[in-house]
Amino acid sequence: MVKFWNRKSSSWATIGPRRLNFGKWEQGRIVSSGGRMYISSVPSNKSKLTVNIRELDGKGKTSYVICKVNRNGTYTKLKTGWFNEVNSQKSNKRETRSHTLSGVKGHLISIHFDGKSVGNTFQYKVKVE
């Protein structure tokens, strides 16, 4: 059923994780209490990477978790954060988070966004370099 849905839907509505391409901006929107997972298709060839997340629009309270994944499929949490966690952040629509990841050579990178606001959205773009 998932394969059928993904063939018939547009790119934003597909089920499952999105590809995280190193060096390229990926853009998305979290609606209400939905979530979005990005995962790199190849392991990192660098020991350090930088993850940049930019808020584009919306007031939705959204958390994110950045992990590295080894070849056995074990996830290790590296960084966590929030957008629009408190009311004062909701008025600033252009916040940016930047995280340097160490010890990631040979690992896949995953980023999971999780919406926490019923009725609000959070639009963003993310880049790993």
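First things first, this report covers the structure right here in the doc. Note that this is a predicted model, so its numbers are computed, not measured.

**Some points on the nonpolar core**
The biggest cluster of nonpolar side chains holds 18 residues, and the ones touching the most others in it are Val51, Ile111, Phe113 and Val126. Those elements giving two or more residues to this core turn out to be β4 (48–58), β5 (62–69), β8 (108–115) and β9 (121–128). Among the elements that line this core, the one with the most residues is β9, at four residues. In this structure, Val51 is in contact with Ile66, Arg97, Ser98, His99, Leu101, Ile111, Val126, Lys127 and Val128, ignoring residues within four places of it in sequence.

**A few points about unusual backbone geometry**
We note that Ser32 has phi near 55°; this positive angle belongs to a residue other than glycine. Looking at the element boundaries, Ser32 is found in the loop between β2 (26–31) and β3 (35–40). For Ser32, a relative accessible area of 22% translates into the label partly exposed. Of note in the backbone geometry, Asn84 takes a positive phi value of approximately 55° without being a glycine. Looking at the secondary structure, you find Asn84 in the loop between β6 (75–83) and α2 (87–90).

**Section: the environment of Tyr124**
Looking at the element boundaries, Tyr124 is found in strand β9. Discounting residues that sit within four places of it in the chain, Tyr124 has contacts with Glu26, Gln27, Gly28, Arg29, Ile30, Arg36, Tyr38, Arg54, Glu55, Leu56 and Phe113. Within the local environment of Tyr124, its side chain forms a polar contact with the side chain of Tyr38, the two groups lying 2.9 Å apart.

**Focus on the environment of Asn120**
Examined against the element boundaries, Asn120 turns out to sit in the loop between β8 and β9. The class for Asn120 is partly exposed, based on a relative accessible area of 28%. When the C-alpha atoms of Asn120 and Ser32 are compared, they prove to be 5.2 Å apart, with 88 residues separating the residues in sequence. In this view, Asn120 contacts Ile30, Val31, Ser32, Lys59 and Gly60; residues no more than four positions away in its chain are not counted.

**Quick word on the packing of aromatic side chains**
Two aromatic rings, taken as a pair, are described by how far apart their centres are and by the angle between their planes. Scanning the entire structure with this criterion turns up seven aromatic pairs. Measuring from centroid to centroid gives 4.3 Å for Phe113 and Tyr124, while their planes differ by 25°, and the two rings are stacked. On the criterion of sequence distance, the pair formed by Phe113 in strand β8 and Tyr124 in strand β9 is long-range, its members being 11 residues apart. Assessed through its relative accessible area of 0%, Phe113 is described here as buried. Following the ring pairs from residue to residue traces out a cluster consisting of Tyr38, Tyr64, Phe83, Phe113, Phe122 and Tyr124. Over the face of the ring belonging to Trp25 we find Lys125, whose NZ or CZ atom lies 4.8 Å from the ring centre.

Rules behind the numbers
In this numbering scheme, every chain counts its residues from 1 along its sequence in written order. Local features in a predicted model are, by the rule used here, given only for residues with pLDDT of at least 70; side-chain atom pairs are given and counted only at 80 or more, and totals for whole chains, interfaces and linings are based on all residues. For side-chain calculations, the full set of non-hydrogen atoms in the structure is used, while hydrogens and water are omitted. By nonpolar core we mean a set of buried residues, namely Ala, Val, Leu, Ile, Met, Phe, Trp, Tyr and Cys, connected to one another through side-chain atoms within 4.5 Å. Classification of residues uses two cut-offs on accessible area relative to the type maximum, computed with a 1.4 Å probe and protein chains only: under 20% is buried, over 50% is exposed, and between them is partly exposed. Runs of H or I in DSSP of at least four residues are treated as helices and runs of E of at least two as strands, each being numbered from the N terminus. Here, two residues are considered to be in contact whenever any of their heavy atoms come within 4.5 Å of each other. Nitrogen and oxygen atoms within 3.5 Å of one another constitute a polar contact, given that in protein one can donate a hydrogen and the other can accept it, and given that sequence-neighbouring residues count only through two side-chain atoms. Ring geometry is summarised as follows: Phe, Tyr and Trp rings, the Trp one being its six-membered ring, pair when their centres sit within 6.5 Å, and such pairs are stacked at plane angles under 30 degrees, edge-to-face over 60 and tilted between the two. Lysine NZ or arginine CZ positioned within 6 Å of the ring centre and within 35 degrees of the ring normal marks a charge as sitting over the ring.

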